[in-house]
Amino acid sequence: MKHLVFIVNPRSGIDRQKAIQKTIEECLDHGQFTYEIQHTQYAKHGTLLAKEAANRGAYAVIAVGGDGSVNDVVKGLIDTDTALAIIPKGSGNGLARTLDIPLQEREAIGIINRKKTISIDIGYANEHPFISNAGVAFDALISEKFAKSLRRGLTVYSWLVTKHMWMYKEWEWEITIDGKRLKEKAFIINVANGRQFGYNFKIAPGASWTDGLLDVVIIRNFPKILGGIMALRLLKGTIIQSPYVKHYHAKEVIISHPKLKVIQVDGDPQPSLNNVLFKVMPGAQKVLVP
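Attention in this report is confined to the structure presented alongside it. Every residue gets a number counted from 1 within its own chain, in the order that chain's sequence is written. Only residues with pLDDT of at least 70 get local features here, since the model is predicted, and only at 80 or more are side-chain atom pairs given and counted; chain-wide, interface and lining totals rely on the full set of residues. With hydrogens and water set aside, each side-chain value is computed from the structure's full complement of heavy atoms.

This part is about helix α2 (residues 45–55). Relative accessibility thresholds used throughout: buried, under 20% of the residue-type maximum; exposed, over 50%; partly exposed, between the two (1.4 Å probe, protein chains only). Under the scheme used here, helices are H or I runs from DSSP no shorter than 4 residues and strands are E runs no shorter than 2 residues, and both carry numbers assigned from the N terminus. Among the residues making up α2, those that are buried are H45, G46, T47, L49, A50, A53 and A54. Between two residues, a contact is recorded if the distance between any of their heavy atoms is within 4.5 Å. Elements that come into contact with the buried residues of α2 comprise β1 (2–8), β2 (33–39), β3 (60–65) and α3 (67–77). One or two positions beyond α2, positive phi appears at G57, with a value near 85°.

To continue, consider the nonpolar core. To form a nonpolar core, buried Ala, Val, Leu, Ile, Met, Phe, Trp, Tyr and Cys residues must be joined to one another through side-chain atoms within 4.5 Å. Judged by nonpolar contacts, the single largest core of 48 residues is most densely connected at V136, W173, I175, I219, I255 and F278. If you tally residues by element for this core, the top one is strand β9 (residues 180–192), at seven residues. Aside from chain neighbours lying at most four places away, what touches W173 is V136, A137, L182, K183, E184, A186, I189, I255, S256, H257 and L260. The next biggest cluster of nonpolar side chains, apart from the first, holds 47 residues, and it includes Y59, I86, L95 and W209.

The salt bridge definition used is simple: a Lys or Arg side-chain nitrogen within 4 Å of an Asp or Glu carboxyl oxygen. Overall, the coordinates contain nine salt bridges when judged by the stated rule. E26 serves as the salt-bridge partner of R106, at 2.5 Å between the closest nitrogen and oxygen. One end of the pair, R106, is in helix α5 (residues 105–114); the other, E26, is in helix α1 (residues 14–27), and 80 residues separate them in sequence. Judged by its relative accessible area of 43%, E26 is partly exposed.

As a further point, take the packing of α2 against α3. One way to put it is that α2 packs onto α3 with a least axis distance of 7 Å and a crossing angle of 40°. For the element pair α2 / α3, the angle class is oblique. Considering how the two elements wind past one another, α2 and α3 form a crossing that is right-handed. Between α2 and α3, the contacting residues are G46, T47, A50, K51 and A54 on the first element and D72, V73, K75, G76 and L77 on the second. In this classification, the charged set is Asp, Glu, Lys and Arg, the nonpolar set is Ala, Val, Leu, Ile, Met, Phe, Trp, Tyr, Cys and Pro, and all remaining amino acids, among them Gly, are polar. Here the contact of α2 with α3 is built from residues that sort into four nonpolar, three polar and three charged. Lines fitted to C-alpha atoms define the axes here, with helix axes fitted over just the stretch in contact, and angles between the N-to-C directions of these axes take values from 0 to 180 degrees. Oblique is the label for any angle not under 35 degrees, not over 145, and not in the 65 to 115 range, which are roughly parallel, roughly antiparallel and roughly perpendicular in turn. Less than a right angle of anticlockwise turn of the near helix away from the far helix marks a crossing as left-handed, whereas a clockwise turn marks it as right-handed.

Structure (structure tokens):
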């Protein structure tokens, strides 16, 4: 019998927690697995719980939550043999969508029952690991504003983007991509391991988490009146085709600006130095996938 550890954020509410436990009990294959449910008690507690589960020989740790919860669990599993699984319970669910994990709880548990694993690449922004993407410009600003919001969901996310897009002043960045230096006045500089931010906004629609490379997507300064068209391109997966976008593949990227203080890592804001080193660790994490 293989042992599973489900890590749940208790802020989801008592009723929601009971519903999740009921679904696990009904849908999990108890002929294959034993399981336990643990609840995080403070910020980043998921990392410690995941590491402890891996040290005890758990077959998989299941992050029950949004992108921040998944990222916390991944930090505790890197360099172990324990697999990651996801039951998406966040607002954008970018990581689950990147890995083609169903958003319905029962179907997500069905993925676990089938025990199909792949080894995916893990990106790093300085010391911060990420599965999906990290960024330094407008997307970092929005992640910071979204994290402070008391409400969640696409409506709030869209409102923040619309509000701040018109006020945002692009910086000229120094970027080194596998040793090649360039300068760009950019609205977004995103370093992607997966395909999207969340809510199906695909910043790097052709990205692969198994190719050993990062996708660098630079959205240059563009007329703000075209913001709706750019958003539509993100939804359709055609942003790379925009004349305002440059796209590269790389193993190592350095992005610098003297005013840089915050980056986003899998949608969560993180304090940053003026220089950010992005790199990739090929095949660093086992994940249960469809």
